[in-house]
Amino acid sequence: MKPDLFEAPDYYNLDELLTEEHKLVRDAAREWVKRDVSPIIEDAAQKAEFPKSIIGGLAEIGAFGPYIPEEYGGAGLDQISYGLIMQEIERGDSGVRSTASVQSSLVMYPIWKYGNEEQRQKYLPKLASGEWMGSFGLTEPDHGSNPGGMTTNYKDMGDHYLLNGAKMWISNSPFCQVAVVWAKNEEGRIHGLIVERGMEGFSTPETHNKWSLRASATGELIFDNVKVPKENLLPNKSGLGAPLGCLDSARYGIAWGAIGAAMDCYDTALRYSKERIQFGKPIGQFQLQQKKLAEMITEITKAQLLAWRLGVMREKGTATSAQISMAKRNNVDMALTIARDARQMLGGMGISGEYSIMRHMMNLESVVTYEGTHDIHLLITGLDVTGLNAFK
Ligand code: TGC
Ligand code: FAD
């Protein structure tokens, strides 16, 4: 792969909206991606291997629990810093951001928010340091967009719970030490359970043959009469709103992360357009190529403003789930469109692993699907503005 020459676009001087701490956090993540991710990520993606060597670095830049309080090992940062870290690591690869999103927002967040003090003390510091990696089991073979229909269930056996069922498409599953699993009790109420590797009847087969997120490990979580200790139930929230609350946090991170992937594609295409000569001119001099670049930077700038404003509202605690859906949907779609246009601008080189664009483009096909598909987020906005529910 070519050397990482990335320069971040900031067309509207949005750095002026950031504090010194935001910039320090962002620049540390940016440096780390250039030094430790860019040199290895193409090879990892080609081999379809999660590069475990980056776990320590992710922990060091605060990507595991950026907003979790320091007393639990988190970085104690605000929502804008969290977003900026996600932006920088997805600039490197969406799969790397996925690993951090799952660990932070889908594993540490529910333990912090819905767990008791013993659970927080037991799990959060190890997850923050990367000593333990986590996964989040909501999706099932027959229940993806409609998680409320899940059939994974547990029975109260007196001194333990007996868990049965299966989850699929689970990021980090093949190597996770702990899984936050959503299952129904005998009354059909959804609860979160912490399942640990080594519990009898718990297995995590890897899903192969992915053309997307190849540097992220994806797999199943299978529960065959798993005895889960009663102290592993998350006691402080139940119902579908509990996992969906975690998704709010992860979707917010994705709204920022997608900007990173888009910035990398734009920056690569811009540089290429000045260097590649056809018909005696740099291709960037042709109006058709300028149109693509002008639209890319316009859409990136709009997405940056959306994410920043959402971060301010998240920090105040006023952002609604529907507002988060709008940003996730818009920014991922924006990134995917930019990746496709940037790939075209590189001609044949656009399909080569010499450049990052095709990898981003393929990754974004997962990002536009997980954490709620493009269509599902549109229907959430539709419900919010009309008051009429297309899901019922
Ligand atoms: P509905 O009846 O609307 O809601 C059920 C209960 O949940 C509450 N609620 C929320 N709470 C918190 N945050 C949200 N975003 C919420 N949305 C809804 C709601 O108020 C209600 O509460 P209550 O107290 O009245 O019971 O539920 P529904 O069954 O009609 O479904 C609605 C729908 C379709 C929007 C929802 O289920 C949905 O978002 N589906 C998409 C599924 C999804 O996003 N799955 C993601 C799996 S995890 C993943 O993809 C990780 S990828 C990680 C990576 O690698 O980065
Ligand atoms: P389906 O729900 O079957 O949807 C198929 C199509 O139908 C979509 O286009 C959808 O938009 C459309 N559709 C569905 N319902 C409606 C409707 N009411 N109206 C209109 N259109 C509709 N899940 C986890 O729990 N944890 C993870 O860590 C995780 N990681 C993932 C990693 C990867 C790489 C991928 C690809 C997925 C991951 N997922 C994870 C699962 C992901 O969240 C689901 O794939 C996603 O929610 C969509 O579910 P589905 O694939 O079953 O599609």
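These numbers come from a predicted model, not from an experiment.

Quick notes on the rules
Residues numbered from 1 in each chain as written. Chains lettered and ligands numbered in written order. Predicted model: local features only at pLDDT ≥ 70, side-chain atom pairs only at ≥ 80, totals over all residues. Heavy atoms only, no water. Helix = DSSP H or I, 4+ residues; strand = E, 2+ residues; numbered from the N terminus. Rg over C-alpha atoms; globule rule 2.2 N^0.38 Å. Buried < 20%, exposed > 50% of the residue type's maximum accessible area, 1.4 Å probe, protein only. Contact = heavy atoms within 4.5 Å. Lys, Arg positive; Asp, Glu negative; His and termini not counted. Charge placed at Lys NZ, Arg CZ, Asp CG, Glu CD. UniProt positions renumbered as here; feature names shortened; annotations may be inferred. Near = heavy atom within 4 Å. Polar contact = N/O pair within 3.5 Å; in protein donor to acceptor, adjacent residues only side chain to side chain. Areas by Shrake-Rupley, 256 points an atom, 1.4 Å probe, with all protein chains shown as cover. 1 Å grid on protein atoms, 1.4 Å probe; cavity = no way out; pocket = protein on both sides within 12 Å on 5 of 7 lines; lining within 4 Å. Sits in = over half its atoms within 2 Å of the grid points. Nonpolar A, V, L, I, M, F, W, Y, C, P; charged D, E, K, R; others polar. Points joined across faces, edges and corners; volume = space filled by probe spheres on them. Axes fitted to C-alpha atoms, helices over the stretch in contact; angles between N-to-C directions. Left-handed = near helix turned anticlockwise from the far one by under 90°. Domains from an automatic or database assignment.

### Details of the overall build of the protein chain
Thinking step 1. The helix and strand inventory of the protein chain stands at 10 helices and nine strands.
Thinking step 2. The C-alpha atoms of the protein chain give a radius of gyration of 21 Å, which matches the 21 Å a tight globule of 392 residues would have.
Thinking step 3. By principal-axis analysis of the C-alpha atoms, the protein chain measures approximately 80 × 45 × 40 Å.
Thinking step 4. A buried classification covers 55% of the 392 residues belonging to the protein chain.
Thinking step 5. The contacts in the protein chain between residues at least 6 apart in sequence include a share of 75% that link residues at least 24 apart.
Thinking step 6. Within the protein chain, the 49 negative side-chain charges are centred at a point lying 4 Å from the centre of the 41 positive side-chain charges.

### Thoughts on the UniProt feature "domain: Acyl-CoA oxidase/dehydrogenase middle" (unreviewed entry) in the protein chain
Thinking step 1. Feature annotation in UniProt assigns "domain: Acyl-CoA oxidase/dehydrogenase middle" (unreviewed entry) to the following positions: residues 135-226.
Thinking step 2. Helix makes up 0% of residues 135-226 and strand 48%. Its end C-alpha atoms lie 17 Å apart.

### Thoughts on the site of ligand 1
Thinking step 1. The local shell around ligand 1 holds 26 residues, among which S98, S171, D248, R251 and G372 are the closest.
Thinking step 2. Taking R251, its side chain carries an N or O atom lying 2.7 Å from an oxygen atom of ligand 1.
Thinking step 3. Summarising the interface, the protein chains cover 71% of the accessible area of ligand 1, which totals 1,100 Å² for the free molecule.
Thinking step 4. Because more than half of its atoms lie within 2 Å of the grid, ligand 1 is assigned to the largest pocket.
Thinking step 5. Only α4 (94-114) and α6 (241-275) provide two or more residues apiece to the shell around ligand 1.
Thinking step 6. Among the elements that take part in the shell around ligand 1, α6 stands out by supplying six residues, more than any other.
Thinking step 7. Partitioned by chemical class, the residues of the shell around ligand 1 number 11 nonpolar, 10 polar and five charged.

### A few points about the layout of surface pockets
Thinking step 1. In this model, the largest pocket occupies a volume close to 1,300 Å³.
Thinking step 2. G144, S145, R251, E371 and G372 are the residues nearest the centre of the largest pocket, which is lined by 45 residues in total.
Thinking step 3. Broken down by secondary-structure element, the contributors of at least two residues to the lining of the largest pocket are α4, β3 (160-171), α6, α8 (321-345), α9 (357-367) and α10 (374-386).
Thinking step 4. Sorting elements by how many residues they give to the lining of the largest pocket places α6 first, with six residues.
Thinking step 5. Its residues placed into classes, the lining of the largest pocket shows 18 nonpolar, 20 polar and seven charged.
Thinking step 6. Approximately 310 Å³ is the volume attributed to the second largest pocket.

### Observations regarding the packing of α4 against α6
Thinking step 1. The N-to-C vectors of α4 and α6 enclose an angle of 145°; their axes lie 9 Å apart at closest approach. Once α4 is placed against α6, the crossing between them reads as right-handed. The segment α4 lies against α6, with R97, S105, L106, Y109, P110 and Y114 engaging G241, A242, G245, C246, L247, S249, A250, I254 and G257.
Thinking step 2. A per-class count over the contact of α4 with α6 returns nine nonpolar, five polar and one charged.

### Notes on the UniProt feature "domain: Acyl-CoA dehydrogenase/oxidase N-terminal" (unreviewed entry) in the protein chain
Thinking step 1. The positions that UniProt labels "domain: Acyl-CoA dehydrogenase/oxidase N-terminal" (unreviewed entry) are, in the present scheme, residues 19-131.
Thinking step 2. Along residues 19-131, the helical share is 73% and the strand share 0%, with 31 Å between the first and last C-alpha atoms.

### A closer look at the site of ligand 2
Thinking step 1. Around ligand 2, the surrounding shell holds 18 residues, and the nearest of these are F136, T139, S145, W169 and T373.
Thinking step 2. Within the backbone of S171, a nitrogen or oxygen atom sits 2.9 Å from an oxygen atom of ligand 2.
Thinking step 3. Note that an oxygen atom of ligand 2 is positioned 2.7 Å from one of the side-chain N or O atoms of T373.
Thinking step 4. Burial of ligand 2 by the protein chains amounts to 67% of its free accessible area of 970 Å².
Thinking step 5. Judged by its atoms lying within 2 Å of the grid points, ligand 2 is housed in the largest pocket.
Thinking step 6. Mapped by element, the contributors of at least two residues to the shell around ligand 2 are β3 and α10.
Thinking step 7. Looking at the shell around ligand 2, its residues break down into nine nonpolar, seven polar and two charged.
Thinking step 8. Lining the shell around ligand 2 are residues from two domains, each supplying at least three of them: domain 2 (134-238) and domain 3 (241-386).

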